[in-house]
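Commentary on secondary and tertiary structure
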Amino acid sequence: MAGGAAAQSVSYSREVAPVLAMNCHSCHGANPESVAGGLSTRTWADLKKGGNLGPVIVPGDPERSALLQFVNGDRGEAHRMPLGGPPLTAIQISWIQRWIAEGAAEDSYGAAKYRLELPSITF
Ligand code: HEC
């Protein structure tokens, strides 16, 4: 493939997983007993399982994928993820969009490389 950043495909482990770890895990997986919307974003396998609405990824079809719809505002601003926080940046949203368009492949080979552990707070 003739070089150029645009020609490179989006990687789950390089682009998508870190964005989810930093912006989503706190509600979607950090506490396994209470996972928002029934969706864990911790691992590729969890993402593929989906949430209360069913699958959130339709490989090859980002517009029909709830994962994209919830971060780009298509589900309404009241449901835009991360809930109550600043929206993802345009480039972060475009990584998710392209990753799904390109088939939403796993390339972390099951390794939980991006585990964000928040420190426990003692009151
Ligand atoms: C502050 C907590 C919080 C954060 C952070 C957050 N979410 Fe959510 N999310 C929720 C809640 C609560 C729901 C269920 C209610 C709703 O749909 O608004 C939900 C629902 C969802 C759903 C629908 C799941 C289903 O099947 O019902 C998706 C997809 C989703 N979130 C994706 C994300 C993504 C991607 C991020 C990070 C960019 C993220 N969320 C960050 C709280 C959060």
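Computed from a predicted model, the values in this text were never measured in an experiment.

Basis of the calculations
- Residues numbered from 1 in each chain as written.
- Predicted model: local features only at pLDDT ≥ 70, side-chain atom pairs only at ≥ 80, totals over all residues.
- Heavy atoms only, no water.
- Phe/Tyr/Trp six-rings, centres within 6.5 Å; stacked < 30°, edge-to-face > 60°.
- Helix = DSSP H or I, 4+ residues; strand = E, 2+ residues; numbered from the N terminus.
- Buried < 20%, exposed > 50% of the residue type's maximum accessible area, 1.4 Å probe, protein only.
- Donors = N, O, S within 2.8 Å, 3.2 Å for Na, K, Ca; no water.
- Tetrahedral: all angles 85-135°; square planar, octahedral: opposite > 155°, others 65-115°.
- Near = heavy atom within 4 Å.
- Polar contact = N/O pair within 3.5 Å; in protein donor to acceptor, adjacent residues only side chain to side chain.
- Nonpolar A, V, L, I, M, F, W, Y, C, P; charged D, E, K, R; others polar.

Before going further, it helps to examine the packing of aromatic side chains. One pass over the structure, following the stated rule, counts one aromatic pair. Aromatic pair Y12 and W99: ring centres 5.5 Å apart, planes at 35 degrees, arrangement tilted. With Y12 in helix α1 (residues 12–23) and W99 in helix α4 (residues 90–101), this pair connects stretches of sequence that are 87 residues apart. In this pair, the class of Y12 matches that of W99, namely buried.

Bound to the iron atom of the ligand are the protein donor atoms H28 (NE2) and M81 (SD), situated 2.0 to 2.3 Å from the metal. Metal-centred angles of 86 to 178 degrees between the six donor atoms at the iron atom of the ligand mark the site as octahedral. Placement of the pair is H28 in the loop between α1 and α2 (44–49) and M81 in the loop between α3 (66–72) and α4, with a sequence separation of 53 residues. We note that H28, like M81, is buried.

Now for the site of the ligand. Of all residues adjacent to the ligand, which total 20 residues, the nearest are C24, C27, H28, H79 and M81. For the ligand, a nitrogen atom lies 2.8 Å from a polar atom in the side chain of H28. Between G37 and the ligand, the recorded distance is 3.4 Å, taken from a backbone N or O atom to an oxygen atom. Among the elements that line the shell around the ligand, the one with the most residues is α3, at three residues. Its residues assigned to classes, the shell around the ligand shows 13 nonpolar, seven polar and no charged.

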